[in-house]
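Descriptive analysis of the structure
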Amino acid sequence: GVVAVVLVTCLRLVLVSADELSIRVTSTSAESHFPDGILFRVEANAPDEIESITVRFTVPERRTHRYEHLGLKPSKSVSSELLMRTDTSARYIPPGTRIDYRFELKDSSGRVFITEPQSFVYTDVRYDWEEISRENVTVMYYGPVQRRAEAVLDASLETIESMGPVLGVSGTRLLRLTMYNNWPTMSQALPPTSRVVRNSLITEGAAFPEFGVILVLGDSSKVEGVSSHEVVHYLVHEALGGAGALVPVWLNEGLAEYGNADPGVSYDTYLAIAIARDQLMPLTSLNTMPGDPQAAVTVYGQGRSVVGYLIENYGVAKMQSLLRDLGKGLNIDSVL
C-alpha cells in the first residue's frame, strides 16, 4: 500500500514538472488591416526565454507556403505581433482570400512549440460582409444587394457546370467571389497600379485563380456575364494544373468569352468592323494584349471566334489536351 502511494505521487509530480517546462501559448490572432495587410499576434510564456516566433501561413488554393519572423526581445513572457503587408504588387493578396496559419515558438533550451492550424479570411474592413454559398462557390457582398449576389452565384455555378467538362476540370477547389457595389470602392481592392491607369480604366472583373478569388463590380449592367467570364479564367487555371503557364491572350480571353453564360454583342461588333477594314491582327501577334484600345477589344471577339472554331471542328478532347500540354510548359506553337 505504501509503495503504491509513493508511485502515484511520483507520477503526479513528473507530470506537473513536464508541464511547467513547456512553452505555453496563451493567445493568438489574425486581423485584417486592409489594405495594408494582416496583423498576426501571439502571447506566450515559458520557464526559459522564448527566443523566436515564426508565423507560417498558406493559401490552400495557392498550394504554396510562406513564413515570416515576428519581432521579439527574448523573454520568459512575450507578446509579439507582425503586420504582413499586402499592399505591394509582389505581396498583394485579394480580399476574400482564405489563409491558414500557425505559430512556431522556440526557447533558449531548444524546445519548440507549434500551435494548431487556424483559418482566417482576409476581408475589406470598410464593409460588413455577408455570404451566400452553394456547392463550392461563395459570394461575399455588402449592402442590400442579395438578389444581385444570388444572380452572380447562379451564373458562376452555371459556368462551372457548362465549361468544366469542356476544359477537363471535374470538381474545383473553393472559389470565392468578392462583389463591390461601385468602381471607386473596388479600385482600392485591386493590385497596386499607377493612378493614371486606375483613373482611366474601369475593371469590371478580375480573377486571381492562384488565390481562389474573383473580384467583381456589382453595379455593372453585365455583372452576370462578367462573373461568368472570370470564372472561366479560374477554370483555365485549374485545367493547367495550377501552373503559371504562358497562355496566349487570344486563347485565354477567347475561352472566357466562349464560355460566358451572358455574352454581350459589342465584341462581335468590333470583330465585324476589324474584318471589314482588314485590320485583324494575326494570332501570333496576340500572345499578349495589344496596346491599342480598339485592337484590345477586338481580341475578345476574335479569340471567341477562333476558340469556337477549334472546339466545334476538333472536339473538347483536343482542347483539353492543348491546355494540359501548356500546363507542362510547352509553348503554344508546338502545342497547336
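Everything quoted here is computed from the prediction, not taken from an experiment.

1. With respect to the nonpolar core
Counting residues in each nonpolar core, the largest one holds 44 residues, and the members touching the most others are Leu 167, Leu 235, Leu 251, Leu 255, Met 319, Leu 323 and Leu 326. With 39 residues, the next largest nonpolar core counts Ile 23, Met 84, Tyr 101 and Leu 105 among its residues.

2. Details of the packing of helix α5 (residues 223-239) against helix α6 (residues 249-258)
The interhelical angle for the contact between α5 and α6, taken along N-to-C directions, is 125 degrees, at an axis separation of 8 Å. Overall, the two elements α5 and α6 adopt an arrangement that is oblique. Our pair here, α5 against α6, has a crossing hand that is right-handed. For the pair α5 and α6, contact is made by His 229, Val 232, His 233 and Val 236 and by Asn 252, Glu 253, Leu 255, Ala 256 and Glu 257, respectively. For the contact of α5 with α6, the class distribution of residues is four nonpolar, three polar and two charged.

3. What to know about the environment of Glu 131
Looking at where Glu 131 falls in the secondary structure, it is placed in strand β8 (residues 130-134). Note on Glu 131: relative accessible area 45%, which makes it partly exposed. Separated by ten residues in sequence, Glu 131 and Tyr 141 have C-alpha atoms that sit 6.4 Å apart. Setting aside residues no more than four positions away along its own chain, Glu 131 makes contact with Thr 138, Val 139, Met 140, Tyr 141 and Arg 176. A distance of 2.5 Å separates the side chain of Glu 131 from the side chain of Arg 176, its partner in a polar contact.

4. Description of the packing of helix α8 (residues 293-314) against helix α9 (residues 316-327)
Put simply, α8 and α9 touch, their axes get as near as 6 Å, and they point 120 degrees apart. Considering their axes alone, α8 and α9 lie oblique with respect to each other. In contact with Val 307, Leu 310, Ile 311 and Tyr 314 of α8, α9 contributes Val 316, Lys 318 and Met 319. Here the residues of the contact of α8 with α9 are counted per class, giving six nonpolar, no polar and one charged.

5. Observations regarding the confidence of the model for the protein
The predicted model of the protein has a mean per-residue pLDDT of 88, with 89% of residues at 70 or higher. Scored below 50 in pLDDT, residues 1-18 makes zero contacts in the model with residues more than four places away or belonging to other chains. Taken together, the stretch residues 194-200 has pLDDT below 50 and engages in seven contacts with residues farther than four places along the chain or on a different chain.

6. Some thoughts on the sheet that holds strand β11 (residues 205-208)
Sheet architecture is open: five strands sit in the order β8-β9-β10-β12-β11, paired in mixed fashion. The sheet is open, and its two borders are formed by β8 and β11, each paired with just one other strand. Recorded for the sheet is a direction-independent mean angle of 15 degrees between the axes of neighbouring strands. Across five bridges, β8 lies against strand β9 (residues 137-141) in antiparallel orientation. Across the sheet, the residue bridging to Ile 132 is Val 139, located in β9.

7. Remarks on the packing of aromatic side chains
For the coordinates displayed, the defined rule picks out 13 aromatic pairs. Look at Trp 129 and Tyr 180: their rings are 5.5 Å apart centre to centre, the planes differ by 85 degrees, and that puts the pair in the edge-to-face class. Residue Trp 129 is located in the loop between β7 (118-122) and β8, and its partner Tyr 180 is located in strand β10 (residues 175-180); the two are separated by 51 residues in the primary sequence. For the pair Trp 129 and Tyr 180, one class covers both residues: buried.

8. Remarks on helix α2 (residues 146-167)
Between its terminal C-alpha atoms α2 stretches 30 Å, which fits the 32 Å expected from 22 residues at 1.5 Å a residue. Two residues or fewer after α2 comes Gly 168, characterised by a positive phi angle close to 80 degrees.

9. Observations regarding the pattern of salt bridges
Here the structure, examined in full by the defined rule, presents 18 salt bridges. In this structure, Asp 107 engages Arg 111 in a salt bridge whose closest nitrogen and oxygen atoms are separated by 3.6 Å. Note that Arg 304 and Asp 268 form a salt bridge whose closest N and O atoms lie 2.7 Å from each other. A residue pair is termed long-range when its members are at least 10 positions apart, and Arg 304 in helix α8 and Asp 268 in helix α7 (residues 266-276) qualify at 36 residues. Connected through shared salt-bridge partners, Glu 31, Arg 41 and Glu 81 make up one network.

Reading the values: rules and limits
Residues numbered from 1 in each chain as written. Predicted model: local features only at pLDDT ≥ 70, side-chain atom pairs only at ≥ 80, totals over all residues. Heavy atoms only, no water. Core = buried A, V, L, I, M, F, W, Y, C linked by side-chain atoms within 4.5 Å. Buried < 20%, exposed > 50% of the residue type's maximum accessible area, 1.4 Å probe, protein only. Axes fitted to C-alpha atoms, helices over the stretch in contact; angles between N-to-C directions. Helix = DSSP H or I, 4+ residues; strand = E, 2+ residues; numbered from the N terminus. Parallel < 35°, antiparallel > 145°, perpendicular 65-115°, else oblique. Left-handed = near helix turned anticlockwise from the far one by under 90°. Contact = heavy atoms within 4.5 Å. Nonpolar A, V, L, I, M, F, W, Y, C, P; charged D, E, K, R; others polar. Polar contact = N/O pair within 3.5 Å; in protein donor to acceptor, adjacent residues only side chain to side chain. pLDDT = per-residue confidence, 0-100. Pairing = 2+ DSSP bridges. Phe/Tyr/Trp six-rings, centres within 6.5 Å; stacked < 30°, edge-to-face > 60°. Expected span 1.5 Å × (residues − 1). Salt bridge = Lys/Arg side-chain N within 4 Å of Asp/Glu carboxyl O.

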